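Summary of the model geometry
What follows is each chain in one-letter form.
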Amino acid sequence: TQSTWGPLNEHSISRMDLEQQAKQFVSAIEAQTKALSQLQADITKQRKDLDEEKTRMSSVMRFSSKIKLDVGGVKYTTSRETLTSIPDSLLASMFSGRFELEQDPVDGSFFIDRDGIPFRHILNYLRDPEHFEPPTDTCSYSEMELIREAKFYCLNGLVNRLTSPPLDDMVSKILDKEMKRTLSKMFPSGKRQFRLIHDSTRGITAAQFDNPVKAAATPTLTIIRSTAGHVFGAYLHDIFGSQGSWIPGSRENFLFALGNLTKQPLKLLHNGTGNGVHITSCGLHMSNGGDLVAFCSHSCNKPTVYTTIAPGYSNIQLDAGTLAGTPGNANYTPDLMEVFSVITS
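Residues numbered from 1 in each chain as written. Predicted model: local features only at pLDDT ≥ 70, side-chain atom pairs only at ≥ 80, totals over all residues. Heavy atoms only, no water.

Our focus in this paragraph is the overall build of the protein chain. Counting secondary structure elements, the protein chain contains 8 helices and 15 strands. Looking at the 345 residues of the protein chain, the share that counts as buried comes to 42%. Pairs at least 24 residues apart make up 63% of the contacts formed inside the protein chain by residues separated by at least 6 positions. For the protein chain, the exposed area adds up to about 19,500 Å²; of that, 52% sits on carbon and sulfur atoms. (Helix = DSSP H or I, 4+ residues; strand = E, 2+ residues; numbered from the N terminus. Buried < 20%, exposed > 50% of the residue type's maximum accessible area, 1.4 Å probe, protein only. Contact = heavy atoms within 4.5 Å. Areas by Shrake-Rupley, 256 points an atom, 1.4 Å probe, with all protein chains shown as cover.)

The next point concerns the side chain of aspartate 199. You can see aspartate 199 is positioned in strand β4 (residues 192–199). A polar contact is formed between the side chain of aspartate 199 and the side chain of threonine 201, at a distance of 2.2 Å. In this view, aspartate 199 contacts Met337 and Glu338; residues no more than four positions away in its chain are not counted. (Polar contact = N/O pair within 3.5 Å; in protein donor to acceptor, adjacent residues only side chain to side chain.)

In this section: helix α8 (residues 206–216). Three or more residues of α8 are buried, namely Ala206, Phe209, Asp210, Pro212, Val213 and Ala216. Among the residues trailing α8, alanine 217 stands out with phi positive, at a value near 55°.

Side chains carrying opposite charge are able to pair once their charged atoms draw close together. One pass over the full model with this rule turns up 6 salt bridges. Between glutamate 149 and arginine 114 there is a salt bridge, and its shortest N-O distance comes to 2.9 Å. One end of the pair, glutamate 149, is in helix α5 (residues 143–152); the other, arginine 114, is in the loop between β3 (110–112) and α4 (119–127), with 35 residues separating them in the sequence. The exposure class assigned to glutamate 149 is buried, which follows from its relative accessible area of 2%. The residue arginine 202 makes a salt bridge to aspartate 199 at a minimum N-O spacing of 3.6 Å. Exposure remark for arginine 202: the relative accessible area of 46% places this residue in the partly exposed category. For aspartate 199, a relative accessible area of 8% puts it in the buried group. Several salt bridges share partner residues, and in doing so they unite Arg114, Arg148 and Glu149 into one network. (Salt bridge = Lys/Arg side-chain N within 4 Å of Asp/Glu carboxyl O.)

Alignment of strand β1 (residues 66–71) against strand β2 (residues 74–79), held across 6 bridges, turns out to be antiparallel. Its bridge partner being in β2, leucine 69 is matched across the sheet by tyrosine 76. Hairpin connection from β1 to β2: 2 residues lie between these consecutive antiparallel strands, with glycine 72 at a positive phi of about 60°. (Pairing = 2+ DSSP bridges.)

This part takes up the packing of aromatic side chains. As enumerated under the stated definition, the model contains 12 aromatic pairs in all. With 4.8 Å between their ring centres and 90° between their planes, phenylalanine 232 and tyrosine 332 make a pair best called edge-to-face. Placement of the pair is phenylalanine 232 in strand β6 (residues 231–236) and tyrosine 332 in strand β14 (residues 331–332), with a sequence separation of 100 residues. Taking the relative accessible area as the measure of exposure, phenylalanine 232 reaches 0% and is therefore buried. Under the relative-accessibility criterion, tyrosine 332 is labelled buried at 2%. Every member of this aromatic cluster is reached through a ring pair, and the members are Phe187, Phe194, Tyr235, Phe254 and Phe256. Lying over the aromatic face of phenylalanine 152, arginine 114 brings its terminal NZ or CZ to 3.8 Å of the ring centre. Sitting over the face of the ring of phenylalanine 254, lysine 267 holds its NZ or CZ atom 4.5 Å from the ring centroid. (Phe/Tyr/Trp six-rings, centres within 6.5 Å; stacked < 30°, edge-to-face > 60°. Lys NZ or Arg CZ within 6 Å of the ring centre and 35° of its normal.)

That is the geometry; function is a separate question.
Structure, rendered in C-alpha cells:
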C-alpha cells in the first residue's frame, strides 16, 4: 500500500541521517551549556575580584577631605576631590585609595619629590580646567619646566593648553613672534583664525571701526601700539551690532598688555557683572568706567583715548594708564591700531 507521505525512495530521510542530526543537535546544546557555564564562572570571578578590590581600597588608605602635600619642600593644602578630579592623572591614581602612601608623622603631609614652585599651577588646573589661564609670570621657573611637570602628572589637557600653537599665521604689523606666542597663551585651548578687518591707517573714527566689525559678526581682537611703543588691547567675545547700547559683556572678554610698565604680560578678565561693553556708534568701549576706549571720535571729544582699569576686569585696582603704559596720565596716543576677526575652528 502506498504511504500517505509518498513512496520511499533515495531522497527520503534515513534513520541514520536522523540519528546524525540528533547527535549534532545534542553537541550544539552541550557546547552552549559549556559556554554559559564559563561565562557564569567569569562573572563570578569578576564579582569576587571587585569585592576584593573594594576591600583593599577601604583597608589600604582612608583620606580626609583636606589633604596636605609637601611637593619638593613646598607645602600645599588641597582636597581629595581636586586631586582625583581628572581620572587618568597620576595624582588621581595616587589618592584613589588603592595604594598606601607614607605620611609625615609631624604634620601628616604626603611627600612628592617634584618641583614645588610650578605645582601651584598644577593645582589651579585641577580646580578649574575649563577656565585655567596659562601663567605669564614664570620668573622662578621656565615654561618648559611647567610642561614637563604637566607631563609627569599625566595631565594631557594641561600639556595641550601650554603648548598651544603660536599665532604664526596672524598677519600683524604690531606683534612680533614673541608677542604672538604670549598672546596665544591668553586664549583658552583650541584653534583660532585671526583675520585683519580694520586698522587705523584706514580710519580712526567710530564709524570706520564699527562698520567692518559689524560686518564680520564674530568675536574681535583689538591690538593697540602707542607712540611710546607699548602694546595692549582687548579681546571682545561679544559680537558687535547685536544691540545699540551697553551690554553686561561676556566672561570671556579680557584686556591685555604685552609688557610695558609691568615688565610682564598682563591679562585682566572681566567678571561678567555691570556694564561691560558698549556696542556700536562709539567705537570700542570696554566698560563705562573707561577701561579701554579706542576709535572713539565723538563722545570722548579727544584726539587721544584713555584707559582706567576698573575692578570689573581684575581683583586688584590698577593705576589709570597701567594698561597703556602711561603712568600718572590715563591718556595715550595711538601709533597703530589693528582689529581682527576671531574665528574658533
